[in-house]
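The chain contents come next:
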Amino acid sequence: MEGPLVKIIAETLTELKGKRVISTSGTAKIEKEIIEGKEIKDIFNRGKNLFIKFPSLSIKLHFLMAGSYRLNEEKEGAIPKLSLIFNKGIFNFYGGIVKIINNNEMEKVYDEEVDVNSEKWNSEKVLRLTLQKKNKLICDVLLDQNIFAGVGNIIKNEVLYMVKIHPLSIVEKIPEEKLKELIFKTREFSILFYKAIKNGEKFGTYFKIYGKNQCPHCKEKVMKEKTGKTKRISFFCPSTQFLYA
DNA sequence: TGCCATGTTAAACT
DNA sequence: GAGTTTAACATGGC
């Protein structure tokens, strides 16, 4: 699940703010008791991570591919990883990963300035961090959550296609202006993605290359292969997208 | 029905 | 020790 969707979930869950956790349950191997009796101070996302913030510590939820949640109901045939039980109501989280981290660490490790959907997104910082990965493949760098928090495999493929850069291009070989264009496009597309889902549009409405067979630009067959260290699938058109190598 | 994938982490290797 | 590969997790969709 990519950043824009997690942001929407975080916004949906803000109604839990101010609620006190009466008890907890679930299969997650964490010290759940530690949050019992505590009040939810905030709910927000940083990239793909969803944070439920309590005084001094936070629960970090990650949806991975197939995570989900239910508010005030159970999900049929699934066992919660974590349930937060309130005086009135319950929050259930399924699949994914649950962790408890302290708030100092949260602020230190999960930088809002690299979150493609954050108001504090800082393009100069993202450029600086990207340039440090000079000999890496751009397809891998785009998935680096310390630089492009919230960007997932779909956004990766779409933005590379939009700016016509081949996924196997090497960072230091890409002209800086072109790299800037790519960086701004990750932001632009992530916001578009967010707004589309908010407006109830179908998931995938704006995809041009992800999951496609034919390049919309030159009509050639789209390549589909696992690329880079991350070995995630890249959909790309070798004719339309230039290989900087 | 079986397999893949909007993803990450830790263990097991080399 | 560093780098790479595999396994595990969970489930909707094709």
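Note: the structure precedes this text.
Below is a summary of the structure that appears in this document. These numbers were taken from a predicted model, which means no experiment stands behind them.

### Examining the environment of isoleucine 97
Counting through the fold element by element, isoleucine 97 comes out in strand 8 (residues 97-102). Separated by 106 residues in sequence, isoleucine 97 and phenylalanine 203 place their C-alpha atoms 23 Å apart. Residues within four places of isoleucine 97 in sequence aside, it is in contact with Lys60, Leu61, His62 and Leu64.

### Looking at the sheet that holds strand 3 (residues 49-53)
On the basis of which strands lie adjacent, the open sheet formed by four strands has the order 2-3-4-8 and antiparallel pairing. Each edge of the open sheet carries a strand with a single partner, namely strand 2 (42-46) and strand 8. Taken over all neighbouring pairs, the strand axes of this sheet differ in orientation by 25° on average, direction set aside. Taken together, the five bridges between strand 2 and strand 3 define a ladder with antiparallel strand orientation. Among the inter-strand pairings, aspartate 42 is bridged to a residue of strand 3, identified as lysine 53. Contacts from helix 1 (residues 3-12) reach strand 2 and strand 3, with the element oriented near 175° to strand 2.

### Looking at helix 3 (residues 123-131)
Burial in helix 3 covers these residues: Ser123, Lys125, Val126, Leu127 and Thr130. Next to the buried residues of helix 3 lie helix 4 (138-141) and helix 6 (176-198). Where helix 3 begins, the side chain of asparagine 122 points an oxygen toward the backbone nitrogen of glutamate 124, at a separation of 3.1 Å.

### Some words on the side chain of glutamine 241
With respect to the helices and strands, the residue glutamine 241 is situated in the segment after strand 10 (232-236). A polar contact is formed between the side chain of glutamine 241 and the backbone oxygen of leucine 160, at a distance of 3.5 Å. Ignoring anything within four residues of it in the chain, the contact list for glutamine 241 reads Leu160, Tyr161, Lys164, Ile165, His166, Pro167, Phe235 and Phe236.

### Looking at helix 5 (residues 153-162)
Since the α-helix packs 3.6 residues into each turn, any two residues three or four apart lie on the same face. Most of helix 5 is tucked away: nine of the ten residues are buried. Listed in full, the buried residues belonging to helix 5 are Asn153, Ile154, Ile155, Lys156, Asn157, Glu158, Val159, Leu160 and Tyr161. Positive phi shows up at lysine 164, right after helix 5, with a value of about 60°.

Calculation criteria
Residues numbered from 1 in each chain as written. Chains lettered and ligands numbered in written order. Predicted model: local features only at pLDDT ≥ 70, side-chain atom pairs only at ≥ 80, totals over all residues. Heavy atoms only, no water. Helix = DSSP H or I, 4+ residues; strand = E, 2+ residues; numbered from the N terminus. Contact = heavy atoms within 4.5 Å. Pairing = 2+ DSSP bridges. Axes fitted to C-alpha atoms, helices over the stretch in contact; angles between N-to-C directions. Buried < 20%, exposed > 50% of the residue type's maximum accessible area, 1.4 Å probe, protein only. Polar contact = N/O pair within 3.5 Å; in protein donor to acceptor, adjacent residues only side chain to side chain.

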